[in-house]
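What follows is each chain in one-letter form.
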Amino acid sequence: MSRFTSLMTPSAYPPRLIFAPQDHAKFLATSSIPNSLKSFVQAVGQEALRHKQQQVSSPPLPPPLLPPSLLFLTGSLDQIKTTYTSPPFHPATQGEARRVQNIRFGDPVFRLWCKRVEKVLKRIVGGVLDLLLVDDDDNDNDDSSNSNEYFELGKQCVKDFDSSSNSTSSSNSSSNSNSTIGPYADRQLVIDELSSYLYDSFGNPTRLDYGTGHEACLLLFAVGLWKLRSDVHHHNNPNPNPNPSEYSPWPFLNFVPLLSSYLNLTRVIQIDYVLEPAGSHGVWGLDDYHALAFWVGAFELEGVERGVETVGSSESEATARFARIASPTCIHDGGVCPTVKDEESSSGSSSGSSSYGAEFIYLSSITHIKRLKASVSFPEGSPMLNDISGLLSWGKLRKGLEKLWVGEVLGKFVVIQHWRFGEVLRSFDKIECAGEEGYKWSGGKDPSDSAKAKGGGGGGGLVFITNASGKKIPINTNASNNNIGEGGGGGGSGMPATKAPWAK
């Protein structure tokens, strides 16, 4: 176990390491994690692009076959959507918070949802880790029945936990708690780390909001999982002369089905619990909730665009279907991204328009927005998405979305200040010096730690409280209360007391 993890209590692991703008600036300048995140999305996008391009120019290609561990994970997410967002979860709170009248944002029942999901996620991640070693044996197995078996196994994991949560959670936390996994000394800490990323990706139960920072936590989870997979493989199969191209943990294309399962779940959460857009720029932002989904989805449609250009003019039905979405203006086509009225008018016909959303993340996101903002026109409710639909190509749109994500998500302190960093993710920064391991980026200092040190005995001194926006506000408890209202400095060392202008 590294010095980093040995200092952490289980409840505090993984910790936050970005507390101030200068911590964020140092993170971007010195850590390898930001570039690893960008490189991962670019690798995913390029594989998605090639796959869609081949779909246009070749006979229909089957979807990528996921390894057992990821099938288990997507099955678990699907069951969470079915079990925890359906009526059986809510009767205990009916008449209280389930459908609070006259609320603009934030159903408090979301806090109960998060509390329930937090427990089951550790069991899910534990099951994923158990299947990591199975992936090597099943890499060349194209049996679809096995695929369905692992997907159903993931669903059953959530069902079993839901039916006997107390006994399951206790047994799960104790089993394998001291075992290792690959180069990592404590398997339970790895589970805690990865499950925390996945948990944070669903929104904030305190503020009852969801935004691009939460969505990016799914990326932290995926990158950590891919990194862990690679580390475990190389630990179990040491090679004195490793060839980077000889082995990759999983095809990066496997992230696309995982992202789709995640979006299907989070969209239900956003609607059911009326989550507030976190840090939204309003109608002048790209979207109230998502950014990564549009970036990855644009890669897919760029592949369609290139495939149509390669095939040229063809009268085949398959080519005509792809040619319909070869330009960004296709989002205004009611047969591609239908509004609620379009769906109602075509309910009796078999136009197949819904299949576009099932196949392409970008188009499913646009369709979701049209349903969510059914009372306003698309240009009025989403002006930025409407404006970029006028670009000449999906390639140009995709490059713009990449710059937007890097600048407005990764580059914003207020967005990523709540990220947590565990040993798997920080292994990107691991270095060795004089035979000892360390990290080239160590993170910032938690201001609450220095506040405790300054507080002295008796519990006084500088303490921090968290306001409604999630920011820590310093309060000096050593300030003298005797000077309040006298215009003094509150005892010299305290915060200056305020004096009403009408006070005498």
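Up top is the structure.
Residues numbered from 1 in each chain as written. Predicted model: local features only at pLDDT ≥ 70, side-chain atom pairs only at ≥ 80, totals over all residues. Heavy atoms only, no water.

Draft legend 1. The overall build of the protein chain, seen in detail. Across its full length, the protein chain holds 21 helices and six strands. Per-residue burial for the protein chain yields a buried fraction of 48% across its 504 residues. Contacts spanning at least 24 positions in sequence make up 72% of the contacts within the protein chain whose residues lie at least 6 apart. Only carbon and sulfur atoms are counted for the fraction: they give 51% of the accessible area of the protein chain, which is about 24200 Å². (Helix = DSSP H or I, 4+ residues; strand = E, 2+ residues; numbered from the N terminus. Buried < 20%, exposed > 50% of the residue type's maximum accessible area, 1.4 Å probe, protein only. Contact = heavy atoms within 4.5 Å. Areas by Shrake-Rupley, 256 points an atom, 1.4 Å probe, with all protein chains shown as cover.)

Draft legend 2. Representation of unusual backbone geometry. In this structure, L208 takes a positive phi of about 55° despite not being glycine. Take L208: it is sitting in the loop between α8 (187-200) and β1 (209-210).

Draft legend 3. Representation of the nonpolar core in the model. Grouped together as the largest cluster of nonpolar side chains are 115 residues, with contacts concentrated most on I80, W113, F202, L228, F255, Y362 and L363. In this structure, I80 is in contact with T85, W113, V117, V120, L121, I124, V158 and L265, ignoring residues within four places of it in sequence. (Core = buried A, V, L, I, M, F, W, Y, C linked by side-chain atoms within 4.5 Å.)

Draft legend 4. How the structure looks around the environment of V44. Residue position: V44 is located in helix α3 (residues 33-57). Sequence-wise, V44 and F299 are 255 residues apart; in three dimensions their C-alpha atoms are separated by 8.8 Å. Excluding residues that lie within four positions of it along the chain, V44 makes contacts with F252, F255, V256 and V296.

Draft legend 5. Summary view of the environment of S260. As for its placement among the helices and strands, S260 is situated in helix α10 (residues 255-272). Counting along the chain gives 100 residues from S260 to F360, while the straight-line C-alpha distance between them is 9.1 Å.

Draft legend 6. How the structure looks around α10. The end-to-end C-alpha distance of α10 is 26 Å, a good match for the 26 Å that 18 residues give at a rise of 1.5 Å each. Among the 18 residues that make up α10, 13 are buried, leaving the element largely enclosed by the rest of the structure. Positive phi shows up at V274, right after α10, with a value of about 50°. (Expected span 1.5 Å × (residues − 1).)

Draft legend 7. Expanded view of the pattern of salt bridges. Within this structure, the stated rule accounts for 13 salt bridges. For R420, the salt bridge goes to D200, with nearest N and O atoms at 3.1 Å. A residue pair is termed long-range when its members are at least 10 positions apart, and R420 in the loop between α19 (413-416) and α20 (423-426) and D200 in helix α8 qualify at 220 residues. Several salt bridges converge on common partners, so that one network encompasses E302, R306, R398 and E402. (Salt bridge = Lys/Arg side-chain N within 4 Å of Asp/Glu carboxyl O.)

Draft legend 8. View of the side chain of S196. Looking at where S196 falls in the secondary structure, it is placed in helix α8. Owing to a relative accessible area of 6%, S196 belongs among the buried residues under this scheme. In this structure the side chain of S196 is engaged in a polar contact, spanning 2.6 Å, whose partner is the backbone oxygen of E193. Residues in contact with S196, not counting those within four places in the same chain, are P14 and R420. (Polar contact = N/O pair within 3.5 Å; in protein donor to acceptor, adjacent residues only side chain to side chain.)

Draft legend 9. Layout of the packing of aromatic side chains. Applying the stated criterion across every chain yields a total of 16 aromatic pairs. Plain terms: the ring middles of W113 and F202 are 5.5 Å apart, the flat faces sit at 90° to each other, and that makes the pair edge-to-face. With W113 in helix α5 (residues 109-137) and F202 in the loop between α8 and β1, this pair connects stretches of sequence that are 89 residues apart. Judged by relative accessible area, which is 1%, F202 ranks as buried. Arranged with centres 5.2 Å apart and planes meeting at 75°, the rings of F421 and W441 form a pair that is edge-to-face. With F421 in the loop between α19 and α20 and W441 in the loop between β4 (436-439) and α21 (447-455), the pair connects residues that are 20 residues apart, well separated along the chain. Judged on exposure class, the residue F421 and its partner W441 are both buried. (Phe/Tyr/Trp six-rings, centres within 6.5 Å; stacked < 30°, edge-to-face > 60°.)

Draft legend 10. View of the packing of helix α4 (residues 68-84) against α10. Across the interface, α4 lies against α10 with an axial gap of 9 Å and an inter-helix angle of 10°. What the angle tells us is that α4 and α10 run roughly parallel. Contacts between α4 and α10 involve L73, T74, L77, I80 and K81 from the former and P257, L258, S261, Y262, N264, L265 and V268 from the latter. Residue composition of the contact of α4 with α10, by class: eight nonpolar, three polar and one charged. (Axes fitted to C-alpha atoms, helices over the stretch in contact; angles between N-to-C directions. Parallel < 35°, antiparallel > 145°, perpendicular 65-115°, else oblique. Nonpolar A, V, L, I, M, F, W, Y, C, P; charged D, E, K, R; others polar.)

Draft legend 11. Main features of the state of the cysteines. By the definition in use, this model includes zero disulfides. With no disulfide of its own, C330 lies 5.9 Å from the sulfur of C337, the closest cysteine sulfur. On the accessibility criterion, C330 (4% relative accessible area) is buried. (Disulfide = S-S within 2.5 Å.)

Draft legend 12. Just the environment of Q22, in detail. The residue Q22 is located in helix α2 (residues 21-30) in this model. Separated by 422 residues in the primary sequence, Q22 and G444 place their C-alpha atoms 8.3 Å from one another.

Draft legend 13. Layout of the packing of helix α9 (residues 212-236) against α10. Taken N-terminus to C-terminus, the directions of α9 and α10 make an angle of 145°; their axes are 12 Å apart at the nearest point. As α9 packs across α10, the resulting crossing turns out to be right-handed. Judged by residue contacts, H214, E215, L218, A222 and W226 of α9 engage F255, L259 and Y262 from α10. (Left-handed = near helix turned anticlockwise from the far one by under 90°.)

By themselves these figures say nothing about function.
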